[in-house]
Amino acid sequence: PKKISPEKVPKSFEDMAKPQWKGKIGIPSATSGWTRRAFVLGKEKVFDELRGILKNDVILGRYSTLHNRFQLEEIWMAFTISSYWHYAITKGVPVAWQSLDYAEVPYYVLAVTKGSKHPNAAKLVAVYLASPAGAKFMLEESGTGNLFYPGNFENDFSVQNKKQGIREVFTAEDMKLINFIDSKDFNAWGKELKLLIDTGGTAKNKKKK
């Protein structure tokens, strides 16, 4: 937010290939997120957009690396996950969130282990942590937000997405996406994406037969 006004922030991946963002963006070098994105939005679309971003002198790295370079103001925008956003806030770093094209929402499961000595007590803990009071506790103790209750950053992001008309994809509920992640295509697309990233966007993706 120190560098870019809200009205000029990119709202899509296509926007990030524009010349004004040359050398100012950091994206992850790992391929799994790109592969899921390609399935959700379309392989040709995502590969072409990624190719354009890579040719825009983009910075590549792990989330932690991008986070550090963002704090040093070497880059103006870093593609990241919400926990790093929250960590930056706690360190007093000026930061704002913007979902691009869609928001990928993971689920975290609270499970009682088989053969637990006190299963009812364990269930009560799980119920508590999934409640509004538990959500407040998790935010205070571990900086973890909860999409379903107001008063934390995850819910704020969801409200912002809805206002902007950005859809949310719940990974654990999308059976087509789950089946794709479990398929040979997921690995094959990942290899194509790695080649694309390693060559700086010059490799051509294979046409689906």
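See the structure above.
Here's what I pulled together on the structure shown here. In this text the structure is predicted, and so the values were computed from the model without any measurement.

**Overview of the sheet that holds strand β2 (residues 59–61)**
Ordered by their spatial adjacency, three strands build an open sheet running β2-β1-β3, and the pairing between neighbours is parallel. For this open sheet the edge positions go to β2 and β3 (77–78), each flanked by a neighbour on one side alone. Pairing geometry for strand β1 (residues 25–28) and β2, over three bridges, is parallel. Directly across from G26, in β2, lies its bridge partner I59. Sheet strands touched by helix α3 (residues 63–71): β1, β2 and β3. Its angle to β2, the strand with the most contacts, is close to 135°.

**Quick word on helix α1 (residues 32–41)**
Three or four residues apart is the spacing at which side chains of an α-helix point the same way, because the helix has 3.6 residues per turn. If you check which residues of α1 are buried, you get W34, T35, R36, R37 and A38. Just downstream of α1, G42 is the residue with a positive phi angle, here 115°.

**Focus on the packing of aromatic side chains**
To describe a pair of aromatic rings, one takes the distance between the centres and the angle between the planes. A complete count under the given rule lists twelve aromatic pairs for this structure. Here the aromatic rings of F13 and W34 are separated by 5.1 Å at their centres, their planes lie at 80°, and the arrangement is edge-to-face. Highlighted residues: F13 in the segment before β1 and W34 in helix α1, separated in sequence by 21 residues. You can call W34 buried: its relative accessible area is 3%. Ring geometry for W85 versus F157: centroids 4.9 Å apart, planes at 85°, classification edge-to-face. With W85 in helix α4 (residues 82–90) and F157 in helix α7 (residues 153–164), the pair connects residues that are 72 residues apart, well separated along the chain. One aromatic cluster is present, formed by F39, F180, F186 and W189 through successive ring pairs.

**Topic: α7**
In a regular helix each residue adds 1.5 Å, so twelve residues correspond to 16 Å; α7 covers 16 Å between its end C-alpha atoms and thus fits that length. Of the residues making up α7, those classed as buried are F153, N155, F157, S158 and N161. The N-cap of α7, judged by a side-chain oxygen 3.1 Å from the amide nitrogen of E154 a few residues on, is N152. Two residues or fewer after α7 comes G165, characterised by a positive phi angle close to 75°.

So, how was this worked out
Residues numbered from 1 in each chain as written. Predicted model: local features only at pLDDT ≥ 70, side-chain atom pairs only at ≥ 80, totals over all residues. Heavy atoms only, no water. Pairing = 2+ DSSP bridges. Helix = DSSP H or I, 4+ residues; strand = E, 2+ residues; numbered from the N terminus. Contact = heavy atoms within 4.5 Å. Axes fitted to C-alpha atoms, helices over the stretch in contact; angles between N-to-C directions. Buried < 20%, exposed > 50% of the residue type's maximum accessible area, 1.4 Å probe, protein only. Phe/Tyr/Trp six-rings, centres within 6.5 Å; stacked < 30°, edge-to-face > 60°. Expected span 1.5 Å × (residues − 1). Polar contact = N/O pair within 3.5 Å; in protein donor to acceptor, adjacent residues only side chain to side chain.

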